[in-house]
Amino acid sequence: MDNPVPESASLCQSVLYVESANPIFFDSENYYFPIWELFIIFASRLMRIIARNTLINYWKTHPDSEQPLKSWFDEIQNAFWDTPNQLKKQFRNASIITNKRVVFNIKGNSYRLVVDIEYRIGIVFIVWIGTHKEYDKINVKEIKYVKAD
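Residues numbered from 1 in each chain as written. Predicted model: local features only at pLDDT ≥ 70, side-chain atom pairs only at ≥ 80, totals over all residues. Heavy atoms only, no water.

### So, the layout of surface pockets
As a reminder of what qualifies: Here a cavity means grid points, on a 1 Å grid over the protein atoms only, where a 1.4 Å probe fits yet cannot get out; a pocket means an open set of points with protein on both sides within 12 Å along at least five of seven lines; lining residues are those with an atom within 4 Å of a point. Grid points are joined across faces, edges and corners, and a volume is the space filled by probe spheres set on the points. Elements are defined by DSSP. Helices are runs of H or I of four residues or more, strands are runs of E of two residues or more, and each kind is numbered from the N terminus. Residues are grouped as follows: Ala, Val, Leu, Ile, Met, Phe, Trp, Tyr, Cys and Pro are nonpolar; Asp, Glu, Lys and Arg are charged; every other residue, Gly included, is polar.
Space inside the second largest pocket adds up to approximately 170 Å³. Considering the residues around the second largest pocket, the lining is formed by 13 residues, among which Trp72, Phe91, Phe104, Asn105 and Ile106 are closest to the centre. For the lining of the second largest pocket, the secondary structure elements donating two or more residues are α4 (66–77) and β5 (101–106). For the lining of the second largest pocket, the per-class residue count stands at six nonpolar, four polar and three charged.

Next comes the structure, spelled out in structure tokens:
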């Protein structure tokens, strides 16, 4: 059987190429998926959060931040965004600093959480967390993750 999908097509573009008798789809590595598997693949796209220990260590020293940070973690873990605009629709108070860097307000703006997001692969990397007063002293575009001992 000849492959009806152009080699340059992405997985999403390839979904458009359906054989009427047997709906299967093509990805860039020449695998074929039945339509029901594609729904599972795309439906399970969720954000993965890296450096959760940064949050845990922080709420150990700032106990009033524990519940708000756990709520943020759960909400992020069950979300998926392809673009900063999609994130902004869900978190209107989040500040989009760059295409990758985002600042979240935690506990009514008592705390600030700086993350880097790789939208293409669904990863949220926790870079920094601190009080609003501490946040005012950092350069949010240049702050880098420092691993705690």
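### Here's the deal with the sheet that holds strand β4 (residues 95–96)
As a reminder of what qualifies: In this scheme, strands are said to pair when DSSP sees at least two bridges between them. Between two residues, a contact is recorded if the distance between any of their heavy atoms is within 4.5 Å. Lines fitted to the C-alpha atoms define the axes, with helices restricted to the stretch that makes contact. Angles between their N-to-C directions range from 0 to 180 degrees.
Sheet architecture is open: five strands sit in the order β3-β7-β6-β5-β4, paired in mixed fashion. The open sheet has two edge strands, β3 (48–50) and β4, and neither has a second partner. Strand direction decides the pairing type here: β3 and strand β7 (residues 123–131), joined by three bridges, are parallel. By the bridge assignment, Arg48 is partnered in β7 with Ile123. Running over the sheet, α4 touches β3, β5, β6 (111–118) and β7 and is turned about 135° from β5.

### Description of the side chain of Arg101
We apply this condition: Distance and chemistry together define a polar contact, namely a pair of N or O atoms within 3.5 Å, with one atom able to donate a hydrogen and the other to accept it when in protein, and with adjacent residues in sequence counting only for side-chain atoms on both sides.
Among the structural elements, Arg101 can be located in strand β5. For Arg101, the side chain forms a polar contact with the side chain of Asp116, separated by 2.6 Å. Engagement of the side chain of Arg101 in a polar contact is seen with the backbone oxygen of Val140, the distance being 2.6 Å. Among all residues touching Arg101, those that are not within four sequence positions of it are Ser95, Ile96, Val114, Val115, Asp116, Val127, Val140, Lys141, Glu142 and Ile143.

### A short note on the confidence of the model for the chain
Worth spelling out the cut-off: For every residue, the predictor states its confidence as a pLDDT score lying anywhere from 0 to 100.
Across the chain, the average pLDDT comes to 78, with 68% of residues at or above 70. Throughout residues 8–31 the model reports pLDDT below 50, and contacts reaching past four residues in sequence, or to other chains, amount to 40 contacts.

### Section: the pattern of salt bridges
Put simply, the rule reads: Should a side-chain nitrogen of Lys or Arg be within 4 Å of a carboxyl oxygen of Asp or Glu, the pair is scored as a salt bridge. We call a residue buried when its accessible area falls under 20% of the maximum for its residue type, exposed when it is over 50%, and partly exposed in between, using a 1.4 Å probe and counting protein chains only.
On inspection of all chains with the given rule, the structure shows four salt bridges. Close ionic contact of Asp116 with Arg101 constitutes a salt bridge, the shortest N to O distance being 2.6 Å. Of this pair, Asp116 sits in strand β6 while Arg101 sits in strand β5, and the two are 15 residues apart along the sequence. Note on accessibility: Asp116 and Arg101 belong to one class, buried.

### Let's talk about the packing of helix α3 (residues 52–61) against α4
Definition in use: For this classification, under 35 degrees means roughly parallel, over 145 means roughly antiparallel, 65 to 115 means roughly perpendicular, and everything else is oblique. Left-handed is the label given to a crossing in which the near helix is rotated counterclockwise from the far helix by less than a right angle, and right-handed is the label when the rotation is clockwise.
Two numbers describe how α3 lies on α4: the axes approach to 9 Å, and their chain directions differ by 165°. Put simply, α3 runs roughly antiparallel to α4. At the point where α3 passes α4, the crossing takes the left-handed sense. Each of Arg52, Leu55, Tyr58 and Trp59 in α3 lies in contact with α4, whose residues at this interface are Glu66, Leu69, Lys70, Trp72 and Phe73. Looking at side-chain class alone, the contact of α3 with α4 contains six nonpolar, no polar and three charged residues.

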